[in-house]
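# Observations on the model geometry
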Amino acid sequence: MPHHSNPESFTRRTYDYIVIGGGSTGLVVAARLAEDPSVQVGIIEAGPYHKDDPRVTIPGYFGKTLGDPSFDWMFESTPQTHLDNRILPLARGRTLGGTSTINSMTWARASKADYAALVELGNKGWSWEDWLPYFLRSESMPEAYVKGSREEKEDLAAYDANEGVHSSEGRVKLGYVPWFGDTHRPFFRALEGLGVPSNPSSGSGANTGNFTLVTSIDPKSATRSNATSAYYEPSSQSSNLHLITGAHVTRILLDGPERSEGNVGGKGEARAVGVEFEFGDAQDGGEEGSYMSPVILEQSGIGSPSLLKSLGITPLVDLPGVGENLQDHPLVPMSYELKDSKTITGDLLRDPAFAAKELEYYQKTRKGQYASIHSAFSLLPLQHLMTPPQISAVARSIDPVRLSAGNGGRGGKGKRYEIQRRWIEDPTHANIELMHVPEYCAFGAGPPKKEGRYVSILVVLMHALSKGSVHASSKKSRARPVINPAFLSHPSDMTMLAHGVRFAHRVAGTSPLGDLISSPSHPTAEELASGGGGLEGYIKKLVESGHHPIGSCSMLPRRDGGVVDERLKVYGTSNIRFVPPFPSSARTDDFVWDCVVVGFVVDASILPIHFSAHPQATLYALGEKVRFFLYQFVVGGV
Ligand SMILES: Cc1cc2nc3c(=O)[nH]c(=O)nc-3n(C[C@H](O)[C@H](O)[C@H](O)COP(=O)(O)OP(=O)(O)OC[C@H]3O[C@@H](n4cnc5c(N)ncnc54)[C@H](O)[C@@H]3O)c2cc1C
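Residues numbered from 1 in each chain as written. Predicted model: local features only at pLDDT ≥ 70, side-chain atom pairs only at ≥ 80, totals over all residues. Heavy atoms only, no water.

### Comments concerning the overall build of the chain
Inclusion rule: A run of DSSP states H or I qualifies as a helix once it reaches four residues; a run of E qualifies as a strand once it reaches two. Both are numbered from the N-terminal end. A 1.4 Å probe rolled over the protein chains alone gives each residue an accessible area, and that area as a share of the maximum for its type sets the label: buried under 20%, exposed over 50%, partly exposed in between. By definition in these notes, contact holds between two residues if any of their heavy atoms fall within 4.5 Å.
Scanning the chain from terminus to terminus reveals 19 helices and 26 strands. Within the chain, buried positions represent 62% of all 638 residues. When contacts within the chain are restricted to residue pairs at least 6 apart in sequence, those whose partners lie at least 24 apart make up 78%.

Quick look at the structure:
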């Protein structure tokens, strides 16, 4: 099947479905829809298709694509008021496969309670049991998990069978990495010494404790398994699946006689009748991009009428939740120098001679550091890090924001805070993640020593109380969005992170991990000892995005600030219409044509509350689930 390199051939046909963005979730939806040969499916992707590029396929090359505009949108936050006005880089895949092409490949599910929260917030059909069949369709877990004896598996807290909750027949190839580094197991033993148990079944809905994660690295080839290789490429010969790359969608075209500036949200629903995109690189001022869904909706006239008017966009659907409720996983890196400068760590890859040898080893054996990524994690309820009075103080600090959230805190926004308060007080729910990385990571504090060997612990806040926004900045297509994650704007986020950092420092000081470490590098011993000020200063200086933004097109009831309903239809739109294929207004670099089914928002932005997990496993399952909604929508008229 056709991968169109010019818009004329792509627009020469009528589509039943257009998927905007060939990213992680989009490619799942597109490939699954195209399994029905009677429908025509089109994918419009802004970035290029990097087929078989080693920077994508070799796991140990993770990071090489970040900051490269042919892979990464390279978004930036607004100056963050609570981080001394720092501007943070916000990476996002701008290439076929989207962020699954540039991510660090760890594969995790959230807890049953995380998925239950979706139901509690008003979405029927989204509990753990509802997700499970789609998890199974999306993953191909190796039959033989970690090679070796039962003791070795226990040592690594790695999956062992987990009857019924994993599948070896889905699309994304998963495997344990062959190289863990010398600090992986000592990290677990130190945590156990501090009372945190190992959990070899973290994918079964109870995810607290220590575990080695599987990764989206195909264990046979030791290459990245992403949305492109797992979904697009196996279907790419289908004559009904069409892809255009280098095509930036600027607007969904809405129709409806009652739509006019003076009659926003008037009778009936707006119908999506087409998609407008620009082909090729931006001519003026370089390539720019969007946190896709909210910005495209706003540029199409769907959003807060006052905001849209201020940008000169005619409001067509009054939906003030668009772009609001942005949440992320803020992350603080800590690095420790190891005593033995001969330890084999990821730091060695900074030495070109070692890197060349290691690459040769990878090419011959499909093993070693280049076949691997960090994979030791611990998910911690706050009860491991804080005393009961400290936890109560954090829980109480939520009440003012909850009560001011409208309807005396009983509305949807209030409910989200209520759930977060419950999770904070729940000794079985994780709020902090510790991620072990066998190399230096605290680059924001300064460079590592040339010959130094390090272990790092990244402290991640899983349910931040701070909520931000992302909006279009102008009517102009491709104008850079205004992204304000509002990191640490709720003071308790700093409190929880600071306790997380102190606990991680205790882990680093506990045998056997502590025996390997010579000294804390960052934060320094002084910063750690200085109580509030020094440590908070360090966190403000080093905290970064965990690159897991969600929430900006939340699946919630409309009265609660929702953008999509529980079947992911954008409120105020009817979403579907088939009309003749060719526009009269097509120009060379700006295509407008009518076709199609659009208006479904299918990506991380629909999750209304953050989960205690890295998102990709959930998003692949989301794509699998949504495909059924779309099918029912068209065929069953649901
Ligand atoms: C550095 C990094 C490391 C990560 N590591 C992990 C990890 O180890 N484990 C994990 O679970 N998660 C990880 N994540 C997060 C995870 O990969 C993402 O949350 C997930 O891939 C997002 O999927 P999506 O479908 O929402 O969006 P994407 O995969 O980003 O897809 C959106 C697509 O839409 C396209 N697009 C955007 N705007 C337009 C437009 N106007 N016109 C046409 N196309 C457009 C984009 O180019 C992109 O291809 C990481 C993220 C980053 C950045």
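### Some remarks on the site of the ligand
Rules: Consider each residue's heavy atoms; a residue with any of them within 4 Å of a molecule or strand counts as near. Side-chain atoms alone can form a polar contact between residues adjacent in sequence; in general such a contact is a pair of N or O atoms within 3.5 Å, and within protein one must be able to donate a hydrogen while the other accepts it. Here, Shrake-Rupley sampling with a 1.4 Å probe gives the accessible areas, and only protein chains in the shown set may cover a residue. When residues are sorted by character, Ala, Val, Leu, Ile, Met, Phe, Trp, Tyr, Cys and Pro go into the nonpolar class, Asp, Glu, Lys and Arg into the charged class, and all the rest, Gly among them, into the polar class.
In the region of the ligand, 36 residues are neighbours, and S24, T25, E45, T99 and Q616 sit closest. Contact distances for the ligand include 3.4 Å between an oxygen atom and a side-chain N or O atom of R92. Across the complex, the protein chains shield 96% of the 1000 Å² of accessible surface that the ligand would expose by itself. Of all the secondary structure elements, the ones that give two or more residues to the shell around the ligand are α2 (24-33), β14 (247-255), α9 (292-299) and α19 (616-636). Per-element tally for the shell around the ligand: the top contributor is β14, with three residues. Along the lines of polarity and charge, the residues of the shell around the ligand split into 13 nonpolar, 19 polar and four charged.

### What to know about the sheet that holds strand β3 (residues 41-44)
Worth spelling out the cut-off: At least two DSSP bridges between two strands are needed for those strands to be called paired.
Spatially, the four strands line up as an open sheet ordered β1-β13-β3-β2, and their pairing is parallel. Two strands bound the open sheet, and with one partner strand each, they are β1 (3-4) and β2 (17-20). Examined bridge by bridge, β3 and strand β13 (residues 241-244) share four bridges and lie parallel to one another. Pairing of I44 across the sheet is with I244, part of β13.

### Considerations on the packing of aromatic side chains
The line we're drawing: Here a Phe, Tyr or Trp ring, Trp counted by its six-membered ring, pairs with any other such ring whose centre lies within 6.5 Å, and the pair is stacked when the planes are under 30 degrees apart, edge-to-face when over 60, and tilted otherwise.
Throughout the structure, instances matching the rule amount to 18 aromatic pairs. Measuring from centroid to centroid gives 5.7 Å for W128 and F135, while their planes differ by 50°, and the two rings are tilted. Assessed through its relative accessible area of 5%, W128 is described here as buried. Residue classification places F135 among the buried positions, given a relative accessible area of 2%. Measuring from ring centre to ring centre gives 5.1 Å for Y440 and F443, while their planes differ by 85°; the resulting arrangement is edge-to-face. Through successive ring pairs, a cluster of aromatic residues spans Y115, W126, W128, W131, F135 and F611.

### Quick word on the UniProt feature "binding site: FAD" (unreviewed entry) in the chain
Where we set the bar: UniProt positions are given in the numbering used here, feature names are shortened, and annotations may be inferred rather than shown by experiment.
The feature "binding site: FAD" (unreviewed entry), as given by UniProt, occupies T99, V249, P615 and Q616 in the numbering adopted here. By secondary structure assignment, the location of V249 is in strand β14. Judged by relative accessible area, which is 8%, V249 ranks as buried. Ignoring sequence-local partners within four residues, the contact set of V249 consists of I20, I44, V275, E276, F277 and I296. Within the secondary structure layout, P615 lies in the loop between β26 (590-594) and α19.

### Points about the nonpolar core
To be explicit about the condition: Here, nonpolar core refers to any group of buried Ala, Val, Leu, Ile, Met, Phe, Trp, Tyr and Cys residues whose side-chain atoms link them within 4.5 Å.
By size, the foremost hydrophobic cluster in this structure holds 102 residues, and its most contacted members are I44 and L568. The element that contributes the greatest number of residues to this core is α19, accounting for seven residues. Counting 53 residues, the second largest nonpolar core, distinct from the first, contains A157, M386, V459 and V543.

### A short note on helix α4 (residues 112-120)
One turn of an α-helix holds 3.6 residues; hence residues three or four places apart share an orientation. For clarity, the cut-off: This arc is built from the directions going out from the helix axis to the C-beta atoms.
If you check which residues of α4 are buried, you get D114, Y115, A117 and L118. Axial view of α4: buried residues confined to an arc of 140°, hence all on one face. G122 sits one or two residues past α4 and shows a positive phi near 110°.

### Describing the environment of R416
For R416, the location among the structural elements is in helix α14 (residues 412-425). Taking the C-alpha atoms as reference points, R416 and I609, 193 residues apart in sequence, are found 6.9 Å from one another. Residues in contact with R416, not counting those within four places in the same chain, are L121, N325, L556, D560, P608 and I609. A polar contact of 3.4 Å, which involves the side chain of R416, links it to the backbone oxygen of D560.

### Topic: unusual backbone geometry
A cis amide bond links S511 to the next residue, P512, at an omega of 5°. Inspection of the secondary structure assignment puts P512 in the loop between α15 (491-508) and α16 (513-516). A cis amide bond, omega 0°, links H522 with the succeeding residue P523. With respect to the element layout, P523 can be found in the loop between β24 (517-522) and α17 (525-529). Positive phi, close to 55°, is recorded for A222, a residue that is not glycine. For A222, the position within the fold is in the loop between β11 (217-218) and β12 (223-224). The exposure class of A222 is buried, given its relative accessible area of 4%.

### Here's the deal with the pattern of salt bridges
So the rule is basically this: The salt bridge definition used is simple: a Lys or Arg side-chain nitrogen within 4 Å of an Asp or Glu carboxyl oxygen.
In the structure shown here, the tally under the stated rule is 20 salt bridges. Notably, a salt bridge pairs E35 with R32, separated by 2.8 Å at the nearest N-O pair. Between E337 and K449 there is a salt bridge, and its shortest N-O distance comes to 2.9 Å. Taken together, the positions of E337 in strand β18 (residues 330-338) and K449 in the loop between β20 (432-437) and β21 (454-461) put the pair 112 residues apart, joining distant regions of the chain. Salt bridges sharing common partners tie together R32, E35, R137, R171 and E624.

### Considering the confidence of the model for the chain
Stated precisely, the cut-off is as follows: On a scale of 0 to 100, pLDDT captures the predictor's confidence in every residue.
When the pLDDT values of the chain are averaged, the result is 87; 88% of them are 70 or greater. In the model, residues 259-263 has pLDDT below 50 throughout and makes 15 contacts with residues more than four positions away in sequence or in other chains. Ignoring residues within four places in sequence, the model shows residues 283-290, a span with pLDDT below 50, making 25 contacts including any to other chains.

### What about α2?
Of all ten residues in α2, ten are buried, a share of seventy percent or more. Regarding α2, the residues found buried are S24, T25, G26, L27, V28, V29, A30, A31, R32 and L33.

### Topic: the pairing of β21
Within β21, eight of the eight residues are buried, leaving the element largely enclosed by the surrounding structure. The side-chain alternation of β21 yields two buried faces, one formed by Y454, S456, L458 and V460 and the other by V455, I457, V459 and L461. One ladder, built from seven bridges, connects β18 with β21; its direction is antiparallel. Among the inter-strand pairings, M334 is bridged to a residue of β21, identified as I457. Pairing of β20 with β21 involves six bridges; the strand directions are antiparallel. Bridging from a neighbouring strand, M435 pairs with L458 of β21.

### Thoughts on the packing of α2 against helix α8 (residues 227-235)
Cut-off, in case you're wondering: A fitted line through C-alpha atoms serves as each axis, taken over the contacting stretch for helices, and the angle formed by two N-to-C directions is quoted from 0 to 180°. Should an angle lie under 35 degrees it is considered roughly parallel, over 145 roughly antiparallel, and from 65 to 115 roughly perpendicular; all remaining angles are considered oblique. Definitions for this section: a left-handed crossing has its near helix turned counterclockwise from the far helix by less than a right angle. A right-handed crossing has that turn clockwise.
Packing of α2 against α8 leaves a shortest axis separation of 9 Å and a crossing angle of 25°. Of the possible angle classes, the one that applies to α2 and α8 is roughly parallel. Of the two possible hands of crossing, α2 and α8 adopt the one that is left-handed. On α8, the residues touching S24, L27, V28, A31 and R32 of α2 are A227, T228, Y231, Y232 and S235. Its residues placed into classes, the contact of α2 with α8 shows six nonpolar, three polar and one charged.

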